[in-house]
Amino acid sequence: MDKAEKTALVLAVGFLGFFASLLVYAAKVLNIDVPTCITDVKPFTEGKVIQHAPNRYEIHYLAKMWYFEPADVEIPAGSVVDIYLTSGDVIHGFQIDGTNVNLMAIPGTVAYARYKFDKPGVYHIVCHEYCGIGHQDMATKIVVK
Ligand SMILES: [Cu+2]
């Protein structure tokens, strides 16, 4: 093997190793991990907001062609929200703009994410998985006051 080739290979492997170790660090140490499989919550057929404490919420999102339920939720700043998501028909996407909450709504399954809404503002939620003719209008929001 040519010496330059060897150098390029070592650099590439080293870079990928560094990249992978940062991913593992984020997932295991900082707890920024991909959604895990939720088995203790059965798929539900209606969306709702449940308040457990002043700054503690649970939102059950139901994605359907072509809306999210509940629509336009309002919560106070600093709230920690457990988000559960399921679909009532086809596969949908669920991304909260400006956050790292990025889930898929798959019929028969429940996806989960927890997010702390520290900053007041309007958090738009969009469906980013093609779901039919009304897909581009499928959105809702969380208003943080
Ligand atoms: Cu959709």
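Residues numbered from 1 in each chain as written. Predicted model: local features only at pLDDT ≥ 70, side-chain atom pairs only at ≥ 80, totals over all residues. Heavy atoms only, no water.

Q: Mind showing me how you'd approach the coordination of the copper ion here?
A: Six octahedrally arranged donors around a metal ideally form angles of 90 or 180 degrees; four tetrahedrally arranged donors ideally form angles of 109.5 degrees. Looking at the copper ion, the protein donor atoms are His92 (ND1), Cys127 (SG), Cys131 (SG) and Met138 (SD), and they sit 2.0 to 2.4 Å from it. Here the copper ion binds four donor atoms, and the angle range of 97 to 125° at the metal identifies the geometry as tetrahedral. In primary-sequence terms, the residues that donate to the copper ion follow H-x34-C-x3-C-x6-M. One end of the pair, His92, is in strand β6 (residues 92-96); the other, Cys131, is in the loop between β9 (121-126) and β10 (139-144), and 39 residues separate them in sequence. Neither His92 nor Cys131 differs from the other in exposure class; each is buried. (Donors = N, O, S within 2.8 Å, 3.2 Å for Na, K, Ca; no water. Tetrahedral: all angles 85-135°; square planar, octahedral: opposite > 155°, others 65-115°. Helix = DSSP H or I, 4+ residues; strand = E, 2+ residues; numbered from the N terminus. Buried < 20%, exposed > 50% of the residue type's maximum accessible area, 1.4 Å probe, protein only.)

Q: Help me understand the side chain of His92 in this model?
A: For His92, a relative accessible area of 0% gives the class buried. Within the local environment of His92, its side chain forms a polar contact with the side chain of Asp89, the two groups lying 2.8 Å apart. Excluding residues that lie within four positions of it along the chain, His92 makes contacts with Ala63, Lys64, Met65, Ser87, Met104, Ala105, Cys127, Glu129, Cys131 and Met138. (Polar contact = N/O pair within 3.5 Å; in protein donor to acceptor, adjacent residues only side chain to side chain. Contact = heavy atoms within 4.5 Å.)

Q: Before we go on, may I ask you to explain the nonpolar core in this structure?
A: Generally speaking, a soluble globular protein has its nonpolar side chains buried in company with each other. Within the largest apolar cluster, 25 residues are counted, with the highest numbers of intra-cluster contacts made by Tyr61, Phe94, Ile96 and Ile142. Those elements that provide at least two residues to this core are β2 (56-64), β4 (73-75), β5 (79-87), β6, β7 (102-105), β8 (111-117), β9 and β10. No other element matches the four residues that β2 contributes to this core. Ile38, Val41, Phe44 and Val110 belong to the second-largest nonpolar core, a separate cluster that totals five residues. (Core = buried A, V, L, I, M, F, W, Y, C linked by side-chain atoms within 4.5 Å.)

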